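# Residue-level structure breakdown
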Amino acid sequence: SQELEQSPQSLIVQEGKNLTINCTSSKTLYGLYWYKQKYGEGLIFLMMLQKGGEEKSHEKITAKLDEKKQQSSLHITASQPSHAGIYLCGADHAGNNRKLIWGLGTSLAVNP
Amino acid sequence: DAGITQSPRYKITETGRQVTLMCHQTWSHSYMFWYRQDLGHGLRLIYYSAAADITDKGEVPDGYVVSRSKTENFPLTLESATRSQTSVYFCASSLLAGATYEQYFGPGTRLTVT
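Before going into details, it helps to say that this report is about the structure given with it.

Each value, and the rule that gives it
Residues numbered from 1 in each chain as written. Chains lettered and ligands numbered in written order. Predicted model: local features only at pLDDT ≥ 70, side-chain atom pairs only at ≥ 80, totals over all residues. Heavy atoms only, no water. Helix = DSSP H or I, 4+ residues; strand = E, 2+ residues; numbered from the N terminus. Buried < 20%, exposed > 50% of the residue type's maximum accessible area, 1.4 Å probe, protein only. Polar contact = N/O pair within 3.5 Å; in protein donor to acceptor, adjacent residues only side chain to side chain. Contact = heavy atoms within 4.5 Å.

The next thing to look at is the side chain of T77(B). Residues and elements named next belong to chain B. With respect to the helices and strands, the residue T77 is situated in strand 8 (residues 76–78). T77 sits in the buried class, given a relative accessible area of 15%. Of note is the side chain of T77, whose polar atom sits 3.0 Å from the side chain of T20. Sequence-distant contacts of T77, defined by excluding residues within four places in its chain, comprise Q18, V19, T20, G63, Y64 and V65.

Written as structure tokens, this is what we have:
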């Protein structure tokens, strides 16, 4: 969707390296959701951000929402093969979590 | 088993046939959603439901019908399947609406229309 741009489209990193995935919205974000999808499977919820400047971490994954609430980044520290998959961001532009807009995803491969 | 399940996981059907995809959740979540995922388009919302007997259109509802007679079930019917409906379909549920409630996804149904 042009309303939500994800970059890069794909990423190949060496195990142990850090990486960042970006999600940019053309509208103000009431909520920004990060999900991970393994090939051929459903989406697994990672984190949700609401407030400008908010930052959340889970294990080696950190997500931030910028102050203007139009961009989010997902940072993985010391990547592992288990981090491989497709990372998707979903945007709530209406404040009700009913009609989320989704990015096209970032495909991540981690080489051992 | 607890969670959200979809059936069938794989389906091949012919153009013009009616096909129903099933979705069942055991959490008693109020909201349920149907998405389709296509290369180049990402996830797009087809329909959602706020409660039993309450449904609303999403971004791409044409050619699809939904119903929700029970809270735990949300079937999606393609009344006359077309090749453009070949896709991976995901069902999701969420406790309530509102930015603090994440959606939980099923494993998906891969549908091929020949």
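And the narrative resumes.
Attention now goes to unusual backbone geometry. Trans peptide bonds make up the majority, and among non-glycine residues the majority have a negative phi. Between S7(A) and P8(A) the backbone carries a cis peptide bond, its omega angle lying at -5°. Its location among the elements puts P8(A) in the loop between strand 1 (4–7) and strand 2 (10–14). In this model, S7(B) is joined to P8(B) through a cis peptide bond whose omega is -5°. Note on placement: P8(B) falls in the loop between strand 1 (4–7) and strand 2 (10–13). Phi is positive for S28(B), close to 60°, though the residue is something other than glycine.

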